[in-house]
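Each chain, written out:
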Amino acid sequence: MERLYSILLGIGIIALLYWLGPGRFDYTSEQKRAEIKVRIKQHGLSLKYYFIPQRRLLFFNVFSGGFFAVYWMYKQWQAIRAGYKNTSGLRGGPLLRTIFAPISLYQFIAILNRTCIYLRKIPAFPAVVWGTLWWAGLVSACLPMCPVWGRITAGLFFLITPYVLQGHVNNLPSKLPPARLKWAEMCWLFASWLLWAAAFAAWYKFSH
C-alpha cells in the first residue's frame, strides 16, 4: 500500500507541474488558436454532456455507496455519443463504456479536456491523473488489508473524481441548463440501496 500511495503522490506532483506549465494556455495569436482548434477537431470533442449540480452528484454518490457513479458514467457517454464531433466517429455504446468504466473514463476525461480547451475553458488535470485516482481509489477502498484511514482516503478519491470532473462539465456552457431532479436519478439511488442490502444479506448468510 505504501508503494501505491507513493505512485499516486508522484502522479499528483507530475500533474501539478503540468498544470503550472507556461505553455499550456498559449493563445497568443489567432493562428495559434486556429491550429489548436484544428488539432482538437481531429482528435475529437463533444458538444453535449450530462449536466447535474456538483453537490447533488456528490450527495448521490455518497448516499448510494458509490453506485451512482455507474449512472453518471452511463449518462455522460450517452450525451457524448450524441454530440461527438470527429472524422472517424466514436465506437462503442454507452452501456459497453460504462461496463469498462475504469478504461473509458480516461477517454472521457481526454474528450472533456479537449472540449474545455476548444471553448477556452480551464481543463481538468490530465486523464492519467483523475482516471488513475478514480479506479485506484475504488480498488484500495475495497481491500480489507488496508488500514481504515487508508480505505477512507481511497474512498474519498473515488467520490471526489466525478465531482471535480462534473465541475468542468458544468463550466462549459455560458449558462448552465436547468438541472431539475429527475425520476431516473432517484430510481437509481433507490436501486443502489437495494444492491447494498442484497450484498449485505449475502455476506451475512455466508458468514454465519
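Details of the structure are given in the entry above.
Residues numbered from 1 in each chain as written. Predicted model: local features only at pLDDT ≥ 70, side-chain atom pairs only at ≥ 80, totals over all residues. Heavy atoms only, no water.

A. Focus on the overall build of the chain. Across its full length, the chain carries nine helices and two strands. Each helix and strand of the chain, ordered N terminal to C terminal, gives the series α-α-β-α-α-β-α-α-α-α-α. For the chain, the residues scored as buried account for 38% of the 208 residues in total. Restricting to contacts in the chain with at least 6 residues of sequence separation, those with at least 24 account for 75%. When the accessible surface of the chain is totalled, it reaches about 12500 Å², and 69% of it is carbon and sulfur. (Helix = DSSP H or I, 4+ residues; strand = E, 2+ residues; numbered from the N terminus. Buried < 20%, exposed > 50% of the residue type's maximum accessible area, 1.4 Å probe, protein only. Contact = heavy atoms within 4.5 Å. Areas by Shrake-Rupley, 256 points an atom, 1.4 Å probe, with all protein chains shown as cover.)

B. Spatial organisation of the pattern of salt bridges. Across all of its chains, the model carries one salt bridge by this definition. The partner of Glu-185 in a salt bridge is Arg-56, and the shortest N-O contact between them spans 3.3 Å. Here Arg-56 lies in helix H3 (residues 54–63) and Glu-185 lies in helix H9 (residues 183–207), a separation of 129 residues in the sequence. In this structure, Glu-185 and Arg-56 share a single accessibility class: buried. (Salt bridge = Lys/Arg side-chain N within 4 Å of Asp/Glu carboxyl O.)

C. Focus on the side chain of Arg-97. With respect to the helices and strands, Arg-97 occurs in helix H5 (residues 94–99). In this structure, Arg-97 is buried with no salt-bridge partner, the nearest side chain bearing the opposite charge being Glu-185 at 21 Å. One polar contact links the side chain of Arg-97 to the main-chain carbonyl oxygen of Gly-92, over a distance of 3.3 Å. The contact partners of Arg-97, leaving out residues within four places of it in the chain, are Trp-77, Leu-90, Arg-91, Gly-92, Ser-104 and Gln-107. (Lys, Arg positive; Asp, Glu negative; His and termini not counted. Polar contact = N/O pair within 3.5 Å; in protein donor to acceptor, adjacent residues only side chain to side chain.)

D. Examining the environment of Tyr-49 more closely. Note on placement: Tyr-49 falls in the loop between strand S1 (45–46) and H3. According to the relative accessible area criterion, Tyr-49 is buried, its value standing at 7%. Contact partners of Tyr-49, with chain neighbours within four places excluded, come to Gln-76, Ala-79, Ile-80, Phe-108, Ile-111, Leu-112, Thr-115, Val-169 and Leu-172. Among the polar contacts made by the side chain of Tyr-49, one reaches the side chain of Thr-115 at a distance of 2.7 Å.

E. How the structure looks around the environment of Ala-141. Tracing the backbone shows Ala-141 in helix H7 (residues 127–141). Discounting chain neighbours no more than four positions away, the residues touching Ala-141 are Arg-151, Ala-154 and Gly-155.

F. Looking closely at the nonpolar core. In this structure, Tyr-49, Trp-72, Ile-80, Leu-105, Phe-108, Leu-112 and Leu-165 are the most contacted members of the largest nonpolar core, which totals 33 residues. Counting only elements with at least two residues in this core, the list comes to H3, helix H4 (68–83), helix H6 (101–118), H7 and helix H8 (148–170). Excluding residues that lie within four positions of it along the chain, Phe-108 makes contacts with Tyr-49, Trp-72, Gln-76, Trp-77, Ile-80, Leu-165 and Val-169. (Core = buried A, V, L, I, M, F, W, Y, C linked by side-chain atoms within 4.5 Å.)

G. Geometry of the side chain of Arg-56. Judged by its relative accessible area of 18%, Arg-56 falls in the buried class. Among the polar contacts listed, one links the side chain of Arg-56 to the side chain of Glu-185, at a separation of 3.3 Å. The residues contacting Arg-56, other than those within four sequence positions of it, are Ala-179, Arg-180, Leu-181 and Glu-185.

H. Molecular detail of H4. Spanning 16 residues, H4 covers 23 Å between terminal C-alpha atoms, matching the ideal 22 Å at 1.5 Å per step. For H4, the full list of buried residues reads Phe-68, Ala-69, Tyr-71, Trp-72, Met-73, Gln-76, Trp-77, Ala-79, Ile-80 and Gly-83. (Expected span 1.5 Å × (residues − 1).)

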